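# Analysis of the macromolecular model
For reference, the chains in residue letters:
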Amino acid sequence: MGPSNVRRPATLASLAAELGVSRTTVSNAYNRPDQLSAPLRARVLEAARRLGYPGPDPVARSLRTRKAGAVGLLLTEALSYAFRDPAATGFLEGLALACEQAGQGLLLVPVSPEHADVTAVHQAGVDGFVVYSVSEDDPHFLAVLQRPVPTVVCDQPVGVEGVDRVGVDDRAGMLALTRHVTGLGHRRIGVLCMRIAAGRNDGPVAVEREVAATYPVQRNRLAGIRDGLAEVGVDWADVPVHERFEHSVEAGQDAAAALLAAHPRLTAIVCTSDILALGALRHAAERGLSVPGQLTVTGFDGVPEAERAGLTTVRQPVLEKGRVAGELLLERGDRNRPRQVTLPTELVKGATSGEPRAEERFFSGW
């Protein structure tokens, strides 16, 4: 068969000619169905199916309307992180529900936390951005702010002018958990935390690095622990803090091993996330340490895996955070003043916290 006999795909113009209607009528069948009678729209769509017309070009349509029909989610992690980390997955589900309700698409814009390349941000065809938990100096976030579209931040950074934010009171949540741990009698406490600043640091956190922390969520959770320990006279300088760049169970397991090897008399490990705490539980099992008999372990987030493990933690409404972030963006309208939404947390006293070993127990009056 020669090229001249190859059937060309139908176009909007050829479909209109075939039906004897205007091109506007064909366009309305897709973009403004309320402008047509139901039988006429059905006739247009049936002819389009028969002739192989794929519908209006979405790119051309977005150029005309200046609307992309999608929300961009900025994630400064590998794309798989959104589906691997349960807190991120819960947030993503809530955001997707809000987009679904509004008839909007969702575009994931993952970028590397180690190598700044803002091209993906500049080229993303979106009507607005939801920024999921990035550092205060993240170059990709700064690129988002250069775009003339509304932006909502989830968790961090905080206090950005003109930007909506949804999050929880991380400091208060962690203070409540620390009071629970000290109330059980623990004073020899170690901490495992997520990434707190730029640059890979897999090990103890120096004072200078903690002071220069650019991830407010981790900074505030550490502050909550510090506040709680100060109430019972524990000097923060005596509390070992180990950081991990990767947020995974394996990282938590490795960090717990390093922490206990360096400080074998610890009776409790307070973790700034459930994922790290699950890793600490795995290390305890590997070492044959009973939890909570020989070691108390706590987390933060309240993810399903933590609930199944009976972890003592702080539960935050991750799905609700995603839904609220989406609604703040999609229902913004002409509102000029930014909104700050703080959702509640709940202390969950699980099976992984108990009194310390008898010889390490704190008694009032020591």
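Since this is a predicted model, take the numbers as computed values, not measurements.

Before going further, it helps to examine unusual backbone geometry. Between Q156 and P157 the backbone carries a cis peptide bond, its omega angle lying at 0 degrees. Following the sequence through the fold, P157 ends up in the loop between strand 4 (151–154) and strand 5 (164–168). Cis geometry is adopted by the peptide bond preceding P292, which originates at V291 and carries an omega value of 10 degrees. Tracing the backbone shows P292 in the loop between helix 13 (274–287) and strand 10 (296–298). The backbone of S133 shows a phi angle near 50 degrees, a positive value even though the residue is not glycine. Turning to its location among the elements, S133 is positioned in the loop between strand 3 (128–132) and helix 8 (139–146). A relative accessible area of 22% places S133 in the partly exposed class. The residue D301 is not glycine, and still its phi comes out positive at about 140 degrees. By secondary structure assignment, the location of D301 is in the loop between strand 10 and helix 14 (304–309).

Spatial ordering of the open sheet is given by 7-8-6-9-10, a layout of 5 strands whose pairing is mixed. Looking along the sheet, the strands with just one partner apiece sit at the ends: strand 7 (203–204) and strand 10. Strand direction decides the pairing type here: strand 6 (residues 189–193) and strand 9 (residues 268–271), joined by 4 bridges, are parallel. The residue of strand 9 that forms the bridge with L192 is C271. Helix 9 (residues 170–183) rests against strand 6, strand 9 and strand 10 of the sheet, and its axis sits at about 175 degrees to strand 9. Packed on one face of the sheet, helix 13 meets strand 6, strand 9 and strand 10 and runs near 155 degrees to strand 10.

Attention shifts here to the pairing of strand 12 (residues 340–343). Of the two faces of strand 12, only the one carrying V341 and L343 is buried; Q340 and T342 on the other face are not. Two strands pair when backbone bridges link them, and strand 5 and strand 12 are joined in this way by 4 bridges, in the parallel orientation. Among the inter-strand pairings, G167 is bridged to a residue of strand 12, identified as T342.

A word on the side chain of T182. Considering the arrangement of structural elements, one finds T182 in helix 9. A distance of 3.2 Å separates a polar atom in the side chain of T182 from the backbone oxygen of R179.

Below, the discussion takes up the sheet that holds strand 2 (residues 105–110). Sheets are built from strands that pair by backbone hydrogen bonding, the pairs being arranged parallel or antiparallel. Within the open sheet, the 6 strands sit side by side as 2-1-3-4-5-12. Their pairing is parallel. The open sheet is flanked by strand 2 and strand 12, the only strands paired with a single partner. Direction aside, the axes of adjacent strands within the sheet are offset by 20 degrees on average. As paired elements, strand 1 (residues 70–75) and strand 2 share 6 bridges and run parallel to each other. If you follow V71 over to strand 2, its bridge partner there is L106. Each of strand 1, strand 2, strand 3 and strand 4 is contacted by helix 6 (residues 86–102), which is oriented at about 145 degrees to strand 2, the strand it contacts most. Where helix 15 (residues 318–330) meets the sheet, its contacts fall on strand 1, strand 3, strand 4, strand 5 and strand 12, and the angle it forms with strand 5 comes to roughly 170 degrees.

Calculation rules
- Residues numbered from 1 in each chain as written.
- Predicted model: local features only at pLDDT ≥ 70, side-chain atom pairs only at ≥ 80, totals over all residues.
- Heavy atoms only, no water.
- Helix = DSSP H or I, 4+ residues; strand = E, 2+ residues; numbered from the N terminus.
- Buried < 20%, exposed > 50% of the residue type's maximum accessible area, 1.4 Å probe, protein only.
- Pairing = 2+ DSSP bridges.
- Contact = heavy atoms within 4.5 Å.
- Axes fitted to C-alpha atoms, helices over the stretch in contact; angles between N-to-C directions.
- Polar contact = N/O pair within 3.5 Å; in protein donor to acceptor, adjacent residues only side chain to side chain.

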